[in-house]
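Next come the chains, spelled out residue by residue.
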Amino acid sequence: MRIHHIAAVLGVLAAGLTVPASAATAAAVAPCTNAELRASYHATDAGMSHQFGRIVLRNVSDHACRTGGYGGLSYVGGGDGTQIGAAADRVPGRVRSIVVHPGEKVVSAVSETDATVYPRRECRRAHVDGFRVYLPNETASQFVAHPTTGCRNERVHLLSHKAYRRA
């Protein structure tokens, strides 16, 4: 009887220490890289000197990978990938680890302020070819075409984005 009681107590303790299957599965999946995810941009709305859209990362591989949190985002131009102005500010929010299966997408909401709301001398306007997009925890970037106007002044912050979430 005593052995059964000890076994029951150990079982209850072990149950409290186990990791949920979904969390254990997510941790076992390798992090996503540029080889697995392709970045694109999709405009969604506009108003009050702002353009709204989202960076979409689609899994183009034949296997699942794990991503989540914030990547990097900035304007580039000059035909050679030169960064134009400040990198995007991160909008505080919930950060999640996401398993992305083949064909699935994750998105980061993007807000762009119109450069013309700043005085020319402060902004130092420049043509933008598109975005430089860094996946979360990656050091190499992807280019996404998105012609617009940015500010060379790094003290003027035109871009902000949210943490990636499921599409």
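Notes on the structure follow. Small disclaimer: the values here were computed from a predicted structure and weren't measured.

**A few points about unusual backbone geometry**
- A positive phi is found at methionine 48, a non-glycine position, where the angle reads about 50 degrees.
- Despite not being glycine, arginine 124 shows a phi value in the positive range, around 55 degrees.
- Its place among the elements puts arginine 124 in the loop between α3 (120-123) and β9 (125-134).

**Overview of the sheet that holds strand β10 (residues 141-151)**
- Pairing is antiparallel across the open sheet formed by four strands, whose spatial order is β5-β4-β9-β10. Where the open sheet ends on each side, the last strands, each with one partner, are β5 (82-84) and β10. Each strand of the sheet is rotated relative to its neighbour by a mean of 45 degrees, with strand direction disregarded.
- Both strand β4 (residues 72-77) and β5 contribute to a ladder of three bridges, which runs antiparallel. Looking across to β5, one finds that glycine 77 is bridged to threonine 82.

Rules of the game
- Residues numbered from 1 in each chain as written.
- Predicted model: local features only at pLDDT ≥ 70, side-chain atom pairs only at ≥ 80, totals over all residues.
- Heavy atoms only, no water.
- Helix = DSSP H or I, 4+ residues; strand = E, 2+ residues; numbered from the N terminus.
- Pairing = 2+ DSSP bridges.
- Axes fitted to C-alpha atoms, helices over the stretch in contact; angles between N-to-C directions.

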